[in-house]
Amino acid sequence: RGGIERDVASGALFIPEVLEPDRGDDFQRWIDDQDFRPGTGAPGLWFYHLVMPHEPWSLLDDLSSYASVQEAPLGLFLGSHWSVTGADVARQRQLLQTQAVDAMLGQLFDRLRAAGTYDDTLIVVAGDHGQAFEPSAPLRGVSAETYDDVAWTPLIVKAPGQQAGQIDDTN
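Okay, so let's go over this structure.

**Things to note about unusual backbone geometry**
Geometrically, the link from M52 to P53 is a cis peptide bond, its omega value of 15 degrees lying close to zero. Inspection of the secondary structure assignment puts P53 in the loop between α2 (23–33) and α3 (84–115). The step from E55 to P56 runs through a cis peptide bond, and the omega angle for that step is 10 degrees. Along the polypeptide, P56 turns up in the loop between α2 and α3. At L63, a residue that is not glycine, the phi angle is positive and equals roughly 75 degrees. Relative to the elements of secondary structure, L63 occurs in the loop between α2 and α3.

Here is the structure:
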């Protein structure tokens, strides 16, 4: 994308184009720009790498944004782990942004349905890591108290022609 130095010099605070607060807007514009109608020839392939609900958490469940805190607020994050209050606040912010991602995926699915291609589409949504919201515990460190938060990440697959969902908790 042209080099990290230029992006940082222009004001990018995080990994350029990946963790910026407007990345949800970028995804919604991408959805709007796609032509999902069936074509002739080989099936289409659409891929979007959205790093959400990863922090910075700046979206509410209705997709509106609030002034994100560019650094963890003093007293809530203690260098490598959350304080008692910080863990609760961080979990709420992460859940609100997760709900925003759910709404954006709903927009994508609505566009696929409108194009008549949803039923024939393979959709894969994957997470890369979990995060613990336990006071005094490392964010991604695995322990008895954080295992469920850190070890399990989502993998959601909708197969072409799939009519009903199922949950499979196997490794």
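**A short note on the nonpolar core**
Counting residues in each nonpolar core, the largest one holds 18 residues, and the members touching the most others are F27, M104, L108, F109 and L112. The leading source of residues in this core is α3, at 8 residues. The next biggest cluster of nonpolar side chains, apart from the first, holds 5 residues, and it includes W82, A87, A90 and F133.

**Observations concerning α3**
In this model, α3 (32 residues) spans 47 Å end to end at C-alpha, consistent with the 46 Å of a helix rising 1.5 Å per residue. Count one or two residues on from α3 and you reach G116, which has phi positive near 80 degrees.

**Focus on the packing of aromatic side chains**
All told, the structure shown has 10 aromatic pairs when counted by the stated rule. Summarising the aromatic geometry, the rings of W57 and F133 are spaced 6.0 Å apart at their centres and angled 50 degrees between planes, so their arrangement reads as tilted. Taken together, the residues W57 in the loop between α2 and α3 and F133 in the loop between β1 (123–126) and α4 (147–151) connect sequence positions 76 residues apart. By the burial criterion, W57 is buried, and F133 matches it. Site record: aromatic cluster; members linked through ring pairs are F27, W30, F36, W46 and Y48. Sitting above the plane of the Y118 ring, R113 keeps its charged end 4.1 Å from the centroid. Its guanidinium or amino end placed over the ring of Y118, K158 lies 4.7 Å from that ring's centre, counting from NZ or CZ.

**With respect to the pattern of salt bridges**
Any two side chains of opposite charge can pair, on the condition that their charged atoms come close. A full pass over the atoms with the stated rule returns 3 salt bridges. Taking the shortest distance from any N to any O, the salt bridge between R37 and D35 comes out at 2.7 Å. Judged by relative accessible area, which is 57%, R37 ranks as exposed. We note a salt bridge from R113 to D110, for which the minimum N-O separation is 3.7 Å. Of the two residues, R113 and D110 both sit in helix α3, 3 residues apart, roughly one turn of that helix.

The rules we used
- Residues numbered from 1 in each chain as written.
- Predicted model: local features only at pLDDT ≥ 70, side-chain atom pairs only at ≥ 80, totals over all residues.
- Heavy atoms only, no water.
- Helix = DSSP H or I, 4+ residues; strand = E, 2+ residues; numbered from the N terminus.
- Core = buried A, V, L, I, M, F, W, Y, C linked by side-chain atoms within 4.5 Å.
- Buried < 20%, exposed > 50% of the residue type's maximum accessible area, 1.4 Å probe, protein only.
- Expected span 1.5 Å × (residues − 1).
- Phe/Tyr/Trp six-rings, centres within 6.5 Å; stacked < 30°, edge-to-face > 60°.
- Lys NZ or Arg CZ within 6 Å of the ring centre and 35° of its normal.
- Salt bridge = Lys/Arg side-chain N within 4 Å of Asp/Glu carboxyl O.

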